[in-house]
Each structure stands twice: as C-alpha cells, then as structure tokens.
Amino acid sequence: MSLKDWEANGWLRSHLSSPKEIAGLLSIVERDLNDAAASELSADWKFGIAYNAALKLCTILLHSSGYRPEKTLQHYRTLAALPMILGDSRKDDAAYLDACRIKRNTVEYDTAGAATDADAEELLNFATELRQEVLIWLKKNHPDLMP
C-alpha cells in the first residue's frame with residue numbers, strides 16, 4: 001500500500017505543512033530528546049518522552065509528505081507510514097516503534113514499572129538516530145520546509 005491508498009481508504013487526509021510547523025515539531029523533538037536523557041526521571045517517563053520524540057519525527061515525515069492521520073489510530077498510522085516514506089528497509093523500525101507505542105500506553109494508562117532503563121535508553125538512541133535521518137531526508141526531499 002501507499003500513502004495515496006491510505007488516503008483513499010480514509011486513514012489519512014491531505015495536509016499542507018510549513019517551515020513553521022516543522023520547526024515547531026523539531027523543537028518538541030529536541031526538548032524530548034534532552035528530557036529523556038535526564039537521569040532523575042523514572043524509566044517509564046524517560047521511555048514515554050523518547051517515544052514522543054520518535055512519534056514527532058514520524059509526524060514530520062508524514063506532514064512533509066502531504067498527509068496527516070485521521071482521528072482513529074493516529075499514532076499507529078503515523079508510525080506505520082515510516083517505511084512508506086523512508087523505504088522498506090525501515091519496516092522493522094516501524095514494528096519496533098509500534099511495540100514501543102503499546103508499551104508506552106501500558107506505562108501511561110495501566111501500570112507503572114513496565115519500562116526498564118534499558119528500554120528507555122534503547123528508544124532514546126533510536127530516536128536520536130532517526131532525527132539525523134529525518135533531517136537528511138527533509139533537506140533532500142523538502143528543502144522548502146527546512147526551518
């Protein structure tokens with residue numbers, strides 16, 4: 001499937017992004033990467049904050065590609081679009097982020113202590129690397145949206 005197919009299915013809608021929007025999302029990413037690295041937070045909170053950074057990076061990719069998710073399953077669709085935008089080699093990364101989404105929901109809504117320091121560190125490292133790739137992709141594919 002493609003993003004156009006998802007739009008036809010009603011899972012995405014058209015979206016016109018702007019440098020201001022991308023700059024705002026990148027500022028959230030920067031804040032979250034810094035906050036997730038703070039040692040005084042619990043592993044659950046570090047994990048949730050690192051997850052938010054990764055989600056915002058995927059949001060940048062989706063918005064820059066001209067789409068935004070519809071109301072239902074917004075996080076899931078935003079993460080699942082990753083390989084459609086960056087290529088099939090990112091399918092495992094989308095699956096990893098979906099597993100992180102589920103774990104984040106657990107620590108946010110159900111029970112404390114489900115994320116470990118190792119989980120948080122792994123996701124923080126992933127999001128930090130993804131940030132670099134998103135910036136390279138953005139500069140190459142949508143330089144007009146670079147802040």
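Heads up: the structure comes first, above all this text.
Rules and cut-offs
- Residues numbered from 1 in each chain as written.
- Predicted model: local features only at pLDDT ≥ 70, side-chain atom pairs only at ≥ 80, totals over all residues.
- Heavy atoms only, no water.
- Helix = DSSP H or I, 4+ residues; strand = E, 2+ residues; numbered from the N terminus.
- Buried < 20%, exposed > 50% of the residue type's maximum accessible area, 1.4 Å probe, protein only.
- Core = buried A, V, L, I, M, F, W, Y, C linked by side-chain atoms within 4.5 Å.
- Contact = heavy atoms within 4.5 Å.
- Axes fitted to C-alpha atoms, helices over the stretch in contact; angles between N-to-C directions.
- Parallel < 35°, antiparallel > 145°, perpendicular 65-115°, else oblique.
- Left-handed = near helix turned anticlockwise from the far one by under 90°.
- Nonpolar A, V, L, I, M, F, W, Y, C, P; charged D, E, K, R; others polar.

(A) Structural context of unusual backbone geometry. Its identity as a non-glycine residue notwithstanding, leucine 73 has a phi of 60°, on the positive side. Along the chain, leucine 73 falls in the loop between strand E2 (67–69) and helix H4 (74–80). Under the relative-accessibility criterion, leucine 73 is labelled partly exposed at 45%.

(B) Representation of the nonpolar core within the structure. Ile60, Leu82, Leu97, Leu123 and Leu130 are the most contacted members of the largest nonpolar core, which has 44 residues in total. Every element with two or more residues in this core is listed here: helix H1 (3–8), helix H2 (19–36), helix H3 (43–64), H4, helix H5 (82–86), helix H6 (91–110) and helix H7 (117–141). If we skip the residues at most four places from it in the chain, leucine 130 touches Ala54, Leu57, Cys58, Leu82, Leu86 and Arg90.

(C) Expanded view of the packing of H2 against H3. As a packed pair, H2 and H3 sit with axes 8 Å apart at the nearest point and diverge in direction by 160°. Relative to H3, the element H2 lies roughly antiparallel. Crossing of H2 over H3 shows left-handed handedness. Here Glu21, Ile22, Leu25, Leu26, Ile28, Val29, Arg31, Asp32, Leu33, Asp35 and Ala36 of H2 come into contact with H3, specifically with Lys46, Ile49, Ala50, Asn52, Ala53, Lys56, Leu57, Thr59, Ile60, His63 and Ser64. In terms of residue class, the contact of H2 with H3 is built from 12 nonpolar, 4 polar and 6 charged.

The quantities given are spatial measurements derived from coordinates; they are silent on function.
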